[in-house]
Structures are given as C-alpha cells and as structure tokens.
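# Structural overview for review
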Amino acid sequence: MNLKGVNLKKKRTKIQMALTVFVILSIVRQFFLGNYHNMFLGILTLFLFMVPAVLDQTLGVTIPVGLETVILIFIFSAEILGEINAFYVKIPVWDTILHTTNGFLMAAIGFALIDLFNRSDRFSIKMSPYFVAFFAFCFSMTVGVLWEFFEFSMDWFFGLDMQKDWILPSISSVKLNPTGANVPVHVDIQSVVINGEKWNLGGYLDIGIVDTMKDLMVNFIGAVVFSIIGILYLRHRGKGKLAASLIPQVRDEKEQKR
C-alpha cells in the first residue's frame, strides 16, 4: 500500500471512529432514558457501519474513502439523527435528502456489481459504459421500490407511520362527479370530519401515497446522478478525482488473494 493509500485509510478510520463514538454515546443516553427501542437502533447502526468493509471483502472491490464516508454519514443520519433524534419529524426535508442519497448509494453498489462481471476474464462479453450505468440505475430503483413495499407493509400490518402523511389542500377526483362521467371534479378542502369530530388540518390527510411517490422521485434523481458519473468514469477510466472518490474500484485477482 502506498503513502496515499495509508493516508486515505487513516482519514477513513478517523471518520468512522468519530461517528462510532457518537453512536455509543447515543446508546448510553437511551439506556439511561429507558428508551430500549432506540438502544436497539443504536446497536443496529454499529452493525451497519460494517457494511462498507463487508462489501469490500465479499465483492472483491475497494470502497473509496469518499463513497465510504457518504455511506457512514447516511447510516448515521438515518438511524441516529432521523429515528432516535426525530429529525424526520423536526426537519421535513430530512427524509427527502436521505432518499436522494439512498438512490445514489444503491446505484454505486449496482455499478460495482455489474462492473465486476464486465472486467472479469471469465466473461467474454464486455458491456458498454451506458449499459453498466443503466444497470446501476435499474438496481437503485429496484431497491427503492422494495423499500417502499417494506414501509407499506410495516404500516399496514403493524400500524406504524413509515409512509409519512401529507396535508393536501385540494383534491381532484372522478368519484366526486355527480354525473358519473370520467371527468375529475376539483374541490378545495379547509377541514375534514373524522368520527364526527371536525379536524381543521387545512386540507385532506393523505395516507402515504404522496410520501411514496416523492421518495421514488428523489431516488430516481440520485440514481441518475450516479449513473452519469459512472458513464463518465468508464469512458475516461482513471481520470477525474470526483469519480475516483465515489466509484468502487474492482481489485484484480492478485490483490484479492492478499
């Protein structure tokens, strides 16, 4: 390992150590507060911090320091800040930011997977940069859809609220057309009545659909951004500091045996 690689490893270790300390402090705090569910989330976060190392070993790739930093900060932001410290509720755009980042990260993983096959001597077919990027995009969107399935299932079967509700000031629906025609009727909503009680919410309480579609849209944006970076990286492999810091590097067989 050269001097540059050693320095990157030290930087990577410092970031992970700092975040790990914050997580441990959070676990201890939740213990004294008696929030054992949050304690579990903190412990889960420590295990998730090992994901980059697992990917590094199992996929035969080197996770660049830039990408690993994004992964660690994403996990910390989702579990410790988002769940335990309720940033999802306190900061409305927090969920949007994380879903955008998730689309980016899943595209990176998909890119690494297909690039492994593309560069392997065991396969005679070599794929174009555009196909590799397209696979990474599709992989990211598939993971995004599966996650929304998971959120819906948790809400439906366990009564959670992972698919956050939205207040819609108006609706347009063909169900409101008195003639039965397939023409939507637009209605502005100031209040609703639930079980005989008037709720002045300023609109209709949407259950999940807006949140789901918004999450998929920003996942799409993150996947597209990484796919473009991936195309540029493959067309000019070895050039560009930004791409090199975000693209998983496939190790050759000699490096993997070390």
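Rules and cut-offs
Within each chain, residues carry numbers counting from 1 in the order of the written sequence. Per-residue local features of the predicted model are confined to residues with pLDDT of at least 70, and side-chain atom pairs are confined, for both listing and counting, to 80 or more; whole-chain, interface and lining totals are unaffected and use all residues. Only hydrogens and water are removed before side-chain values are computed, so all heavy atoms of the structure are retained for them. Patches here are clusters of residues that have more than 30% relative accessible area and form no salt bridge, with a 9 Å joining cutoff for like charges and a 5 Å cutoff for nonpolar side chains (Val, Leu, Ile, Met, Phe, Trp, Tyr). Here the Shrake-Rupley method, with its probe set to 1.4 Å, supplies the accessible areas, and only the displayed protein chains count as covering residues. Only one rule defines a salt bridge in this text: a Lys or Arg side-chain nitrogen within 4 Å of an Asp or Glu carboxyl oxygen. Numbered from the N terminus, helices here are DSSP runs of H or I no shorter than four residues, and strands are runs of E no shorter than two. In this scheme, a residue with accessible area under 20% of its type's maximum is buried, one over 50% is exposed, and one in between is partly exposed, where area comes from a 1.4 Å probe on protein chains only. Note on contacts: a residue pair qualifies if any of its non-hydrogen atoms lie within 4.5 Å across the two residues. Grid spacing is 1 Å over the protein atoms alone, the probe is 1.4 Å, and a cavity is where that probe fits but cannot get out, while a pocket is an open set with protein on both sides within 12 Å along at least five of seven lines and lining residues have an atom within 4 Å of a point. Grid points are joined across faces, edges and corners, and a volume is the space filled by probe spheres set on the points. All axes are obtained by fitting lines to C-alpha atoms, using only the stretch in contact for helices, and the reported angles, taken between N-to-C directions, cover 0 to 180 degrees. Orientation categories follow fixed angle ranges, with anything under 35 degrees roughly parallel, anything over 145 roughly antiparallel, 65 to 115 roughly perpendicular, and all other angles oblique. Three classes are used, and their members are as follows: Ala, Val, Leu, Ile, Met, Phe, Trp, Tyr, Cys and Pro are nonpolar, Asp, Glu, Lys and Arg are charged, and the others, Gly among them, are polar.

Looking now at a nonpolar patch on the surface. Taken together, Ile24, Val28, Phe31, Phe32 and Tyr36 make up a surface patch of nonpolar side chains, about 560 Å² in accessible area. Within the secondary structure, phenylalanine 31 sits in helix 1 (residues 3-33). Residue phenylalanine 31 is classed as partly exposed on the basis of its relative accessible area of 45%.

Inspection of the secondary structure assignment puts tryptophan 199 in strand 6 (residues 197-199). Taking the relative accessible area as the measure of exposure, tryptophan 199 reaches 31% and is therefore partly exposed. Beyond its immediate stretch of four places on either side in the chain, tryptophan 199 contacts Ser191, Val192, Ile194 and Leu205.

Scanning the model with the defined rule gives 3 salt bridges in all. As a salt-bridge pair, aspartate 215 and lysine 214 come within 2.8 Å of each other at their nearest N and O atoms. For the pair shown, aspartate 215 and lysine 214 are each scored as buried. Among the charged side chains, a network of salt bridges with common partners joins Asp95, Asp211, Lys214 and Asp215.

Before going further, it helps to spend a moment on empty space enclosed by the protein. Tallied over the entire structure, the rule returns 1 cavity of 30 Å³ or more. In this structure, the largest cavity spans a volume of roughly 60 Å³. Lining the largest cavity are 11 residues, and of these Leu55, Ile63, Ile109, Ala112 and Pro248 lie nearest its centre. At the level of elements, helix 4 (65-84) and helix 6 (94-119) are the ones that each hand at least two residues to the lining of the largest cavity. The element contributing the most residues to the lining of the largest cavity is helix 6, with 4 residues.

Next up on the list: the packing of helix 2 (residues 36-48) against helix 4. Orientation of helix 2 relative to helix 4, taken along the N-to-C sense of each, is 175°, at an axis distance of 10 Å. It follows that helix 2 is roughly antiparallel to helix 4 by the angle criterion. Here helix 2 contributes Asn38, Leu41, Gly42, Thr45 and Leu48 to the contact with helix 4, which in turn contributes Ile75, Glu79, Ile80, Glu83 and Ile84. Of the residues assigned to the contact of helix 2 with helix 4, the class counts are 5 nonpolar, 3 polar and 2 charged.

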